[in-house]
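What follows is each chain in one-letter form.
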Amino acid sequence: MSLVELHAIYKSFGELEVLKGIDLRIEEGQVIALIGRSGSGKSTLLRAINGLETINDGTIMVAGKKVGDRDTDLLTLRLNVGMVFQQFNLFPHYTALENVMLSPQVVKKLSKAEAKEVAEEMLIKVGLSDKMLHYPDQLSGGQQQRVAIARALAMKPRVLLCDEVTSALDPELVNEVLAVVRQLAEEGMTLVMVTHEMRFAREVCDKLVFMHQGRIHESGAPEDVFANPKTPELANFVGGLAGAA
Amino acid sequence: MAYKFDFGAIVPHWELLLNGVVLTTELTVVGSVIGVSLGVLGAWARASRAPVISQIVGVYVELIRNTPFLVQLFFIFFGLPALGVKLTEFQAAVLAMVINLGAYSTEIIRAGILAIPQGQIEAAQSLAMNRVQIFRYVVILPALKKIWPALSSQIVIVMLGSSVCSQIAAEELTFAANYIQAMNFRAFEVYFIVTGVYLVMSILLRWMLKVFGNFLFERRNHV
């Protein structure tokens, strides 16, 4: 049984069909990168997995259970599936520690002491033990993103979705965030990331999924996908990257 | 000039004025607390676009914002008894102020809620928080912070607007002034003084709202 199974996912924004029948299995411990051009549907797919986009058709199963469209189903889904965003989205009126503590306290009903313990553990894990009492606007982009990762991890999700987590960062701050993601991957965390960091994807991921015009065009182990693209679109995409590098 | 100013003529009535100040203060405090609470709920309903309730709140807001306060007050005090709802002057005044501030603050607070970046709400959703939790822990405080100056002004306007309640004989400050000048014909003196009293009350209220806002939005560690 896969941890997450997507079957025949369709999604349109008005007339525009963004996802055209996506099938994808995410296995426990797998690290998957979604790659492809802008507008290929990568982010929409990621958001659909977390219920941030309602799908028009198809089924999502998490740990063998179908996700329905009731509110409680969504909450259960999100207890299993965490997410980190391009724009960090920290809560500005809380410190780093409070950002991480909030959901364990109010959703999982942990006591303040328990929530604090979990939050501190996660912030130490992402290397921010000295910034716990800082507010988001007192942190660099890279630090904010690491708080956001700690915040998602504090809910102990079984899968973590990463939506272009380094795209909003200054170049010199990208590595500190990638290092945290790499560490998570090495610890066996199940990860699905949309990324433009091809080298990173190649090094860290078990599986690359190339999306093109709302479909999974090609997928496989990173070495194969990069070395032997089977379709001209992927060859073009990979070639374009090589040309740019 | 024939008119001889006599501010001393007001002095014997100081107790009336003081009672007026107390009642105006009571009206303002009770009206503001309940009115802003109503505004928070109304703004939530409007911003969440909850079907039916959102439309009902929309009609309420437009109805109140497009009719005069005095007419609203008269309707409550003189009109509602026809339906068997008889209120004292104070109750009618408070109700009118609550309904009025509720409508204006609904719109003001809604603007604050809409200014919260969608990404923060999505982040809260992805942390498995439900609607109520998101509103309470993620949305309302930053939303109020954004519109606090506008909301403060509206509360001051409502305090000044309470002078209209003299028209249903609620014995607030303007009622006291009317009463005094009817007895001693010292209109200039009494309204001059009452103007000053309102001015001082407004400045004090503004200052207190600012201090309260600083307290509310102050960065302090909650843990």
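Thresholds, definitions, all that
- Residues numbered from 1 in each chain as written.
- Chains lettered and ligands numbered in written order.
- Predicted model: local features only at pLDDT ≥ 70, side-chain atom pairs only at ≥ 80, totals over all residues.
- Heavy atoms only, no water.
- UniProt positions renumbered as here; feature names shortened; annotations may be inferred.
- Helix = DSSP H or I, 4+ residues; strand = E, 2+ residues; numbered from the N terminus.
- Pairing = 2+ DSSP bridges.
- Axes fitted to C-alpha atoms, helices over the stretch in contact; angles between N-to-C directions.
- Buried < 20%, exposed > 50% of the residue type's maximum accessible area, 1.4 Å probe, protein only.
- Contact = heavy atoms within 4.5 Å.
- Buried area = accessible area lost by both parts, 1.4 Å probe.
- Salt bridge = Lys/Arg side-chain N within 4 Å of Asp/Glu carboxyl O.
- Nonpolar A, V, L, I, M, F, W, Y, C, P; charged D, E, K, R; others polar.
- Parallel < 35°, antiparallel > 145°, perpendicular 65-115°, else oblique.
- Left-handed = near helix turned anticlockwise from the far one by under 90°.
- Phe/Tyr/Trp six-rings, centres within 6.5 Å; stacked < 30°, edge-to-face > 60°.
- Lys NZ or Arg CZ within 6 Å of the ring centre and 35° of its normal.
- Patch = residues over 30% accessible without salt bridge, like charges linked within 9 Å, V, L, I, M, F, W, Y side chains within 5 Å.
- Areas by Shrake-Rupley, 256 points an atom, 1.4 Å probe, with all protein chains shown as cover.
- Core = buried A, V, L, I, M, F, W, Y, C linked by side-chain atoms within 4.5 Å.

Participant: Break down the UniProt feature "transmembrane region" (unreviewed entry) in chain B for me, with residues and values.
Facilitator: All names here are of chain B. In this structure's numbering, the residues bearing the UniProt feature "transmembrane region" (unreviewed entry) are residues 20-45, 66-84, 147-170 and 190-209. Secondary structure across residues 147-170 comprises 62% helix and 0% strand; the distance between its end C-alpha atoms is 31 Å. Between the end C-alpha atoms of residues 190-209 the distance is 28 Å, and the span holds 100% helix and 0% strand.

Participant: Report on the UniProt feature "domain: ABC transporter" (unreviewed entry) in chain A, specifying residues and quantitative values.
Facilitator: Per the UniProt record, "domain: ABC transporter" (unreviewed entry) is found at residues 4-238 of chain A. Note that residues 4-238 of chain A is 39% helix and 26% strand, and that its end C-alpha atoms are spaced 28 Å apart.

Participant: Go over the sheet that holds strand β9 (residues 207-212) of chain A with me, naming the residues and quoting the values.
Facilitator: Residues and elements named next belong to chain A. The six strands are arranged β6-β7-β8-β3-β9-β10 in an open sheet whose pairing can be described as mixed. Only two strands of the sheet have a single partner each, and these edge strands are β6 (81-84) and β10 (215-220). The mean inter-strand angle of the sheet, taken between neighbouring strand axes irrespective of direction, is 20°. Two elements, β9 and β10, share five bridges in a ladder whose sense is antiparallel. Directly across from V209, in β10, lies its bridge partner S219.

Participant: Quick one: what's the story with the side chain of B:H13, residue by residue and with numbers?
Facilitator: Residue placement: B:H13 occurs in the segment before α1 (14-47). On the basis of relative accessibility, which here comes to 17%, the residue B:H13 falls in the buried class.

Participant: Break down the interface of chain A and chain B for me, citing the residues and quoting the values.
Facilitator: Where interface size is given, it is often the accessible area lost as the parts come together that is meant. Each partner contributes residues to the interface: chain A has 34 residues there, and chain B has 22 residues. Three residues stand out in chain A for area buried against chain B, namely A:F91, A:H93 and A:Y135, and they jointly supply 20% of the buried area on that side. Put simply, chain A and chain B have two salt bridges between them. With a shortest N-O distance of 3.1 Å, A:D137 and B:R219 are connected by a salt bridge. Listing elements by their share of the side of chain A that touches chain B, those giving two or more residues are α2 (71-80), β6, α3 (96-106) and α5 (141-153) of chain A. Looking at side-chain class alone, the side of chain A that touches chain B contains 19 nonpolar, seven polar and eight charged residues.

Participant: Explain the packing of helix α5 (residues 118-126) of chain B against helix α6 (residues 131-161) of chain B to me, using residue names and the numbers behind them.
Facilitator: All names here are of chain B. It is at 10 Å that the axes of α5 and α6 come closest, and there the two elements cross at 140°. Classified by the angle their axes make, α5 and α6 are oblique. Crossing geometry of α5 relative to α6 is assigned as right-handed. Residues Q120, I121, A124 and Q125 of α5 pack against I134, V138 and V139 of α6.

Participant: Give a detailed account of the packing of aromatic side chains, specifying residues and quantitative values.
Facilitator: Counted by the stated rule, this structure contains 12 aromatic pairs over all chains. Measuring from ring centre to ring centre gives 5.6 Å for B:W148 and B:F217, while their planes differ by 80°; the resulting arrangement is edge-to-face. In this pair, B:W148 sits in helix α6 while B:F217 sits in helix α8 (residues 187-217), placing the two residues 69 residues apart along the sequence. By relative accessible area, B:F217 is classed as buried at 15%. Put simply, the rings of B:Y3, B:F5, B:F7, B:F188 and B:F192 touch in pairs and so form one group of aromatic residues. We note A:R151 situated over the ring of A:F91; from NZ or CZ to the ring centre the distance is 4.5 Å. Across from the ring centre of A:Y135, 4.0 Å away, lies the NZ or CZ of B:R219, which sits over that ring.

Participant: Kindly report on a nonpolar patch on the surface, identifying the contributing residues and their values.
Facilitator: On the surface, B:Y3, B:F5, B:F7, B:F188 and B:F192 cluster together into a nonpolar patch covering about 500 Å² of accessible area. Summarising the element assignment, B:F192 is placed in helix α8.

Participant: Before we move on, could you go through α5(B) and cite the residues and values that matter?
Facilitator: One turn of an α-helix holds 3.6 residues; hence residues three or four places apart share an orientation. Residues and elements named next belong to chain B. The buried count for α5 comes to seven of nine residues, which makes it a mostly enclosed element. Along α5, the residues that are buried comprise G119, Q120, I121, E122, A123, A124 and S126. Positive phi appears at A128, one or two residues downstream of α5, with a value of about 70°.

Participant: Quick rundown of the nonpolar core? Include the residues and the values.
Facilitator: Counting 90 residues, the largest nonpolar core has B:I109 and B:L151 as the members making the most contacts within it. Considering every element that reaches this core, the biggest residue donor is α6(B), with 14 residues. With residues up to four places along the chain from it excluded, the contact list for B:I109 reads B:V36, B:G39, B:V40, B:A43, B:I140, B:L144, B:I147 and B:L151. If you look at the next biggest cluster of nonpolar residues, it comprises 53 residues, including A:V31, A:A33, A:L178 and A:L208.

Participant: Just give me the short version of the side chain of B:T174, but keep the residues and values in it.
Facilitator: Looking at the element boundaries, B:T174 is found in helix α7 (residues 173-184). Contacts of B:T174, omitting those with residues within four sequence positions, involve B:S163, B:S166 and B:Y198.

Participant: Which residues make up the sheet that holds strand β4 (residues 57-62) of chain A, and what are the values?
Facilitator: Residues and elements named next belong to chain A. Ordered in space as β2-β1-β4-β5, the four strands form an open sheet in which the pairing is antiparallel. Of all strands in the sheet, those bounded by a partner on one side alone are β2 (16-26) and β5 (65-66). Bridging between strand β1 (residues 4-13) and β2 involves eight bridges; their strand directions are antiparallel. Bridge pairing in β2 links V4 to I26.

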